[in-house]
Amino acid sequence: MDKTHLVDEITGHRRMRRNRKADWTRRLVQESRLTVDDLIWPIFIVPGTGIVDPIAAMPGVSRMSVDKVVEAVKEAADLGIPAIATFPDIEMELRDETGSNSLVPDNLINQATAAIKKAVPNIGIITDVALDPFTSHGHDGILRDGVIVNDETVDQIVRAAVMQADAGADIIAPSEMMDGRIGAIRHALDAAGHQDVGIMSYATKFSSGFYGPYREAINTSGLLKGDKNSYYISPANGTEALRDAALDVEEGADMLMVKPGLAYLDICWRIKEAFGLPTFAYQVSGEYTQIKAAAMNGWIDGERIMMETLLCFKRAGCDGILTYFAVDAAKKLAKSR
Ligand code: PBG
């Protein structure tokens, strides 16, 4: 060793850079990998036909009518994306105190499911049963005297879940964080003959500012009174999140989700370690928009950060990611193969 340098003899033998010295060494030692199989694409659906309506707060994302959604989902399936998650933006006239449109068998979400299933049978369809797209107050459950009532909400979302499964949904993903919902949905699905329909629990959904652009996308931001702190988890509480997830596992969840994603990677890791279930992160609207906005200003390399954040979810133990970048990332992955 050259004694004129400060690196001492012992540390000098241990050089981390040996494995980083060339593209081939770096590829050889890479621990986590992102593939198209890791991607779930969330989609916004509107009534009508021929509609592709850009969402201002989510550059590059549009609300689409069912016919356009079917075309987009075909493209996603051709790229190899395994599953989509659908969210409806329904007419204001159809929204009411209890979210009754969620119980209409051929409502927008179920129409979309049936159409997609018919046209693109090889892609998985994940549907949400939270009531927020259907309520006049933008909350995820039934509002009585200023309170989101738990058990009554569960009774309703259970019925909605069965209708969604009847329409062809492959996985029910309840995002409204009511207590006891996973067990109730499992029982009802089984009783209706839907033993093969899975449940991906939004097990740990935090009360987050990152959902802002989504609320614009489905037009609930103007409606929402108050906040969702009485049913979503506080961003301060990791151990409570684990307890909540444990209940969902006990009640029969097949997969777990952490939402939002990037600010909650510790929760992803802890959940994967604790339960070993397939674990997914939702890179939510605000996370997407931050990256897009900064990239559009030329302040960051948007594509690079898209791929970096998605890879980091894998490193944190996630089996996959719900992301508005799914199609862009799938295209990039296809090119780099
Ligand atoms: C509500 C729901 C939310 C999202 C999907 N369903 C959160 C909310 O509005 O409180 C957020 C998705 C996103 O931000 O991308 N059930």
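This is a predicted model, so every value here is computed, not measured.

### Overview of the domain arrangement of the protein chain
- Split into domains, the protein chain comes out as domain 1 (1-30) and domain 2 (36-335).
- On a C-alpha basis, the centroid separation for the pair domain 1 and domain 2 is 44 Å.

### A look at the site of the ligand
- In the vicinity of the ligand, 17 residues are found, and the nearest of them are Ser175, Arg215, Lys259, Ser285 and Tyr324.
- Interatomic distance of 3.2 Å between a side-chain N/O atom of Tyr232 and an oxygen atom of the ligand.
- A distance of 3.4 Å separates a nitrogen atom of the ligand from a polar side-chain atom of Lys259.
- Out of a free accessible area of 400 Å², the ligand has 100% covered by protein chains.
- A class-by-class count of the residues in the shell around the ligand yields eight nonpolar, two polar and seven charged.

### Notes on the side chain of Arg95
- As for its position among the elements, Arg95 is in the loop between β4 (83-88) and α4 (108-119).
- Residue Arg95 is classed as buried on the basis of its relative accessible area of 6%.
- Among the polar contacts listed, one links the side chain of Arg95 to the side chain of Asp89, at a separation of 2.9 Å.

### Observations concerning α4
- With 12 residues, α4 extends 16 Å between its outermost C-alpha atoms, agreeing within 8% with the 16 Å of an ideal straight helix rising 1.5 Å per residue.
- Residues of α4 that are buried: Leu108, Ile109, Asn110, Ala112, Thr113 and Ile116.

### Considerations on the state of the cysteines
- Evaluation of the coordinates by the stated rule reveals zero disulfides.
- Residue Cys268 stays outside any disulfide, its sulfur separated by 3.6 Å from that of Cys318, the closest cysteine.
- For Cys268, a relative accessible area of 0% corresponds to the buried category.

### Description of the packing of aromatic side chains
- All told, the structure shown has 12 aromatic pairs when counted by the stated rule.
- A centroid spacing of 5.1 Å and a plane angle of 75 degrees characterise the contact between Tyr231 and Tyr232, whose relative ring orientation is edge-to-face.
- Arranged with centres 5.9 Å apart and planes meeting at 65 degrees, the rings of Tyr288 and Tyr324 form a pair that is edge-to-face. Linking Tyr288 in helix α10 (residues 285-296) with Tyr324 in the loop between β12 (320-323) and α12 (326-336), this pair joins segments that are 36 residues apart in sequence.

### Some thoughts on the pattern of salt bridges
- Taken as a whole and judged by the stated rule, the model has 17 salt bridges.
- Where Lys314 meets Asp38, a salt bridge forms, and the shortest distance between an N and an O atom there is 2.9 Å. Placement of Lys314 in helix α11 (residues 302-315) and of Asp38 in the loop between α2 (23-29) and β1 (39-46) is noted, with a sequence separation of 276 residues between them. For the pair formed by Lys314 and Asp38, the shared burial category is buried.
- Note that Lys68 and Glu71 form a salt bridge whose closest N and O atoms lie 3.8 Å from each other. Remark: Glu71 and Lys68 occur in helix α3 (residues 66-79); sequence separation between them is three residues, near one turn of the helix.
- Members of the salt-bridge network, linked through shared partners, are Asp53, Arg63, Asp89 and Arg95.

### Things to note about unusual backbone geometry
- Of note, the amide linkage connecting Lys259 to Pro260 takes the cis form, showing an omega dihedral of -5 degrees.
- Here Pro260 is to be found in the loop between β10 (255-259) and α9 (265-275).
- Its identity is not glycine, yet Asp145 carries a phi of approximately 50 degrees, on the positive side.
- Residue class for Asp145 comes out exposed when judged on its relative accessible area of 82%.

Analysis parameters
Residues numbered from 1 in each chain as written. Predicted model: local features only at pLDDT ≥ 70, side-chain atom pairs only at ≥ 80, totals over all residues. Heavy atoms only, no water. Domains from an automatic or database assignment. Near = heavy atom within 4 Å. Polar contact = N/O pair within 3.5 Å; in protein donor to acceptor, adjacent residues only side chain to side chain. Areas by Shrake-Rupley, 256 points an atom, 1.4 Å probe, with all protein chains shown as cover. Nonpolar A, V, L, I, M, F, W, Y, C, P; charged D, E, K, R; others polar. Helix = DSSP H or I, 4+ residues; strand = E, 2+ residues; numbered from the N terminus. Buried < 20%, exposed > 50% of the residue type's maximum accessible area, 1.4 Å probe, protein only. Expected span 1.5 Å × (residues − 1). Disulfide = S-S within 2.5 Å. Phe/Tyr/Trp six-rings, centres within 6.5 Å; stacked < 30°, edge-to-face > 60°. Salt bridge = Lys/Arg side-chain N within 4 Å of Asp/Glu carboxyl O.

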